[in-house]
Amino acid sequence: MTYQQEYKNSITDPAGYWEKQARRIQWFREPTTILSKDNNGVDRWYADGELNTAYLALDYHVLQGRGEQLALIYDSPVTGTKQTWTYNELTAAVARFAGALSCLGVEKGDRVVIYMPMVPEAAIAMLACARLGAIHSVVFGGFAANELAVRIDDAQPRVIVSASCGIEVSRIISYKPILDNAINIATHKPSACVILQREMQPCDLIAGRDIEWTNLVAKAEPADCTPVLATDPLYILYTSGTTGKPKGVVRDNGGHAVAMKYSMDVVYDMKPGDVFWAASDVGWVVGHSYIVYAPLLNGCTTVFYEGKPVRTPDAGAFWRVCEEYGVKGLFAAPTAFRAIRKEDPECLLAKPHDLSKLKTIFMAGERLDPPTYEWVMEHIGRPIVDHWWQTETGWAIAGNHMGLEPVTVKAGSVTRPSPGFNVKILDSRGNPVANNEQGSIAIKLPLPPGCLPTVWGSHDRFVSGYLRTFEGYYVTGDGGYLDDDQYLFVLGRTDDIINVAGHRLSTGEMEEVVAGHSAVAECAVIGRHSDLKGEEPLGLILLKDGIEIDEEQLQKELVQRVRDRIGAVACFNQAVVVQRLPKTRSGKILRKILRNIANNEDYVAPSTIDDPACLEEIEQTLTEKGVRKE
Ligand code: COA
Ligand code: AMP
């Protein structure tokens, strides 16, 4: 069937289309209700179906005779470790850790926070939760204690699973003090913490609360799979919103399993037995969907990589891993390839490697800039799929569907909407605009399976953040346009979210932290263009009256403050003092114009601006301070 037919069917008859796709997975109880409304009036998929996601990812394949096939390959250049798990071995490890969690009282519906580096135990813990019907919430290791504490208070976990340390290139990052600090800050206290002791830096345990992973597992019996409803939550994944408080994106079990299995086939063209490598981190949605769940649900082998694209040990790491494990599909953020290109401009380190098994390179997480696309194309010569999605959707809203009908790409486009995503471009009143006209990218409801049905503990936030702006639509927060061939062009966020090295961060949250400094009267944090990381935050600071402070010292303090409160991953490294911030007459800071000025882009001052002279002043200040290049 062609893309056009599939897409049309999915939009004209969503229930019929997704009923057919639901047959791709083995339900404990087949759903008879395909699409219905929940108590909040939100569209839900497969409401009366019963399944278990860990069963589908593991036990099912063992029963199908894939027990001896590799399920997971752990490759860790930072520790010099390589390990493999067959489906038999991974199933046994997950069942046992599920038994261990259940000894700690974890039951269906309980939350478990996982704060771990890229060790395979993170995936084992996630799948163990799924096995019990418990809800995991993985927190990215680069976040500071305060961020972890916010998530602990929101998710209220019974148990936290963590590790003694992580490794950033050659630097050991102590996780345990961050965990202890977070639990101290949080109001909610878990009843137990399971700690994986890593030999490069074991940690002290707190008696009565902390239990060592191996000791706990040694005593545990394997646990069976608990059947859950399709609409029961599988996980909560916090993502940056426009305010300081992250949003807990909820993922259900049934729609997610169907969408993951479907996307492996349709988007990635991966068959059972193929090797897939998403070079991301389990703390991000890419890690949830395409390191852990989708490859395993599809009977593939997933590569679990603890390292960077460069410096571990060099810019040939990606090509070495692709050759060594026969990777067929590689998925990474464009920033990873920019980092490789910077260190190895001629891509010489790829030359010694046999990449004959590598069929496609997938990129997402941020805009794929044409020079990066061209460089990878020139040196690796494989189809490159730029696909666009978000934590909220869990899989590609748009892309070039390699398992369906790949088409010629157009530079700068994420190609065409995926079946199920009725993508519309709307003007500020919510009316669809003509082809080639820019607007807000929205998805006409219902969203397809796999997308969020709510925000954890705050359904109002779901409604106000995504559904209220335009009746009958989900707003993505990205702007863009569709061309005459229905190719989608994503032009960037229309809100205060920035993408730093493929990591989604809230400038609003950074502003809250910066504004908390005693010398700061007001501030704006904006995304400044970075050749390597796509965007980097820049703080523009207005000092309190009468404050005299050395600017370099202030910058140091602000940088440290953001590292301490949000984490190193925020990459907040630059703050400049300005005399005024441009505002509308009603007092709203004109952040978009500030961004244009810092990036030396054209802009038009709005008629509502309070004092237009302020813009020239800012331009001059940023130029003088070397932030803005003419
Ligand atoms: N735990 C603790 N600290 C972490 C961390 C983690 N899991 N991940 C990142 N950090 C720290 C880094 O050590 C660095 O700290 P520093 O400022 O003290 O040096 C800081 O956070 C910023 O990290 P990063 O943005 O990753 O910068 P980098 O210079 O270390 O690496 C790249 C640059 C481009 C190689 C790297 O960002 C990369 O591989 N990006 C790909 C991103 C990706 O896969 N995104 C997922 C979406 S698909
Ligand atoms: P996250 O939720 O962390 O996956 O971030 C989602 C956001 O990243 C999107 O809303 C976009 O702004 C951006 N993004 C993701 N993929 C792409 C892409 N292929 N092209 C442009 N922007 C992207």
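- Naming follows an unreviewed UniProt entry, where the protein appears as Propionyl-CoA synthetase of Parathalassolituus penaei.
- Per its UniProt entry, the protein bears the Sequence similarities (unreviewed entry) comment "Belongs to the ATP-dependent AMP-binding enzyme family."

### Considerations on the UniProt feature "domain: Acetyl-coenzyme A synthetase N-terminal" (unreviewed entry) in the protein
Next up, step 1: Mapped onto this numbering, the UniProt entry gives "domain: Acetyl-coenzyme A synthetase N-terminal" (unreviewed entry) at residues 3–56.
Next up, step 2: Strand forms 15% of residues 3–56 and helix 43%; the C-alpha atoms that close the span are 27 Å apart.

### Here's the deal with the site of ligand 2
Next up, step 1: The immediate surroundings of ligand 2 are formed by 15 residues, with D386, T391, D478, R493 and R504 found nearest.
Next up, step 2: For ligand 2, an oxygen atom lies 3.1 Å from a polar atom in the side chain of Q390.
Next up, step 3: At 2.5 Å from an oxygen atom of ligand 2 is found a side-chain nitrogen or oxygen belonging to D478.
Next up, step 4: For ligand 2, whose free accessible area comes to 490 Å², the fraction covered by protein is 93%.
Next up, step 5: Tallied by class, residues from the shell around ligand 2 come to four nonpolar, five polar and six charged.

### Looking at the sheet that holds strand β24 (residues 439–444)
Next up, step 1: The antiparallel open sheet is built from four strands, whose spatial order is β23-β24-β25-β26. Of all the strands in the sheet, just β23 (422–426) and β26 (488–493) have a single pairing partner and so form its edges. Across the sheet, the mean angle from the axis of one strand to that of its neighbour is 50°, orientation sign disregarded.
Next up, step 2: Bridge count for strand β25 (residues 473–482) against β26 is five bridges, and the pairing is antiparallel.

### Considering the UniProt feature "domain: AMP-dependent synthetase/ligase" (unreviewed entry) in the protein
Next up, step 1: Mapped onto this numbering, the UniProt entry gives "domain: AMP-dependent synthetase/ligase" (unreviewed entry) at residues 65–444.
Next up, step 2: Within residues 65–444, the helical portion is 31% and the strand portion 24%, while the C-alpha atoms at the span's ends are 41 Å from each other.

Thresholds, definitions, all that
- Residues numbered from 1 in each chain as written.
- Chains lettered and ligands numbered in written order.
- Predicted model: local features only at pLDDT ≥ 70, side-chain atom pairs only at ≥ 80, totals over all residues.
- Heavy atoms only, no water.
- UniProt positions renumbered as here; feature names shortened; annotations may be inferred.
- Helix = DSSP H or I, 4+ residues; strand = E, 2+ residues; numbered from the N terminus.
- Near = heavy atom within 4 Å.
- Polar contact = N/O pair within 3.5 Å; in protein donor to acceptor, adjacent residues only side chain to side chain.
- Areas by Shrake-Rupley, 256 points an atom, 1.4 Å probe, with all protein chains shown as cover.
- Nonpolar A, V, L, I, M, F, W, Y, C, P; charged D, E, K, R; others polar.
- Pairing = 2+ DSSP bridges.
- Axes fitted to C-alpha atoms, helices over the stretch in contact; angles between N-to-C directions.

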